[in-house]
Each structure stands twice: as C-alpha cells, then as structure tokens.
Amino acid sequence: MSLTGGNRNDVTQLMPLLEAVPPVRGRVGRPRRRPGRLLADRGYDHDKYRRLVWAKGIKPVIARRGTPHGSGLGVHRYVVERTIGLLHWFRRLRIRWEIRDDIHEAFLTLAAAIICWRRLVR
C-alpha cells in the first residue's frame with residue numbers, strides 16, 4: 001500500500017508501487033523480483049505508462065478506452081475492489097481523520113495485518 005494526498009490520480013503511484021514489490025519466495029532458485037503481468041483498468045490507459053511497464057519487463061494488460069466492456073479484466077479487478085471493501089470494515093479508515101500521514105499509514109498497515117491474519121486462521 002502507498003499513501004498519497006487527497007484527490008490525486010492513482011497512476012502517479014504506478015511505478016513506485018511496481019518498484020516496491022518484494023521478492024517472491026518459495027520456489028527453488030533465484031526469487032522473482034517483479035510480477036509477470038500488470039492488470040489495470042481504463043484509468044491507466046496511456047502509451048507512456050505502457051512503455052514504462054514494458055521497460056521493467058512486465059506485460060501490461062490494460063483495458064483500452066473507447067472499447068466495449070467484456071475483456072474479462074473485471075474478474076481480476078474484483079479482487080482489488082473486495083480488498084478495499086475489507087479495509088472499510090475499519091471505520092477509522094473510511095474517512096481520513098488523522099492530520100499526520102504516518103498515523104494513518106500505521107492504521108492501514110495494522111488493518112491489512114488483521115485482514116491477512118483473519119484469512120489465514122480460516
């Protein structure tokens with residue numbers, strides 16, 4: 001997760017978020033340092049960002065603007081929307097009341113840890 005100012009476009013954090021992906025461990029050999037594909041909605045449809053993602057060695061799967069729906073990306077996008085819904089279980093995170101960003105980021109991290117723990121216990 002990354003925290004930005006209010007009313008900022010999400011695409012400004014695309015590259016810092018991709019650079020912050022930790023190594024994926026579990027298989028024998030060198031751990032992977034980046035994902036294989038990037039799934040995104042129409043808000044990220046710009047050739048500049050497609051080129052930046054390709055330059056990192058990641059295949060961009062981004063919906064095109066002006067094309068009809070039905071590409072199938074909504075199935076994968078649902079996971080992101082569901083995660084945001086899970087974060088809204090914590091009322092303090094629905095609206096940012098804290099003035100200091102480090103406190104709000106700490107609450108985000110704590111909520112994410114609680115959500116992961118609840119999923120692992122099941």
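You'll find the structure just up there.
Residues numbered from 1 in each chain as written. Predicted model: local features only at pLDDT ≥ 70, side-chain atom pairs only at ≥ 80, totals over all residues. Heavy atoms only, no water.

(A) Representation of the side chain of Arg50 within the structure. With respect to the helices and strands, Arg50 occurs in helix 2 (residues 47-55). For Arg50, a relative accessible area of 10% translates into the label buried. (Helix = DSSP H or I, 4+ residues; strand = E, 2+ residues; numbered from the N terminus. Buried < 20%, exposed > 50% of the residue type's maximum accessible area, 1.4 Å probe, protein only.)

(B) Spotlight on the nonpolar core. One finds Val11, Leu14, Met15, Leu18, Leu38, Ala40, Tyr44, Tyr49, Val53, Ile58 and Ile62 forming the largest nonpolar core, which totals eleven residues. Residue assignment for this core shows that the elements contributing at least two residues are helix 1 (14-19), strand 1 (37-40) and helix 2. For this core, the element with the highest residue contribution is helix 1, accounting for three residues. Not counting residues up to four positions away in its chain, the partners in contact with Tyr44 are Asp10, Val11, Leu14, Tyr49 and Ile62. If you look at the next biggest cluster of nonpolar residues, it comprises seven residues, including Leu87, Phe90, Leu108 and Ala111. (Core = buried A, V, L, I, M, F, W, Y, C linked by side-chain atoms within 4.5 Å. Contact = heavy atoms within 4.5 Å.)

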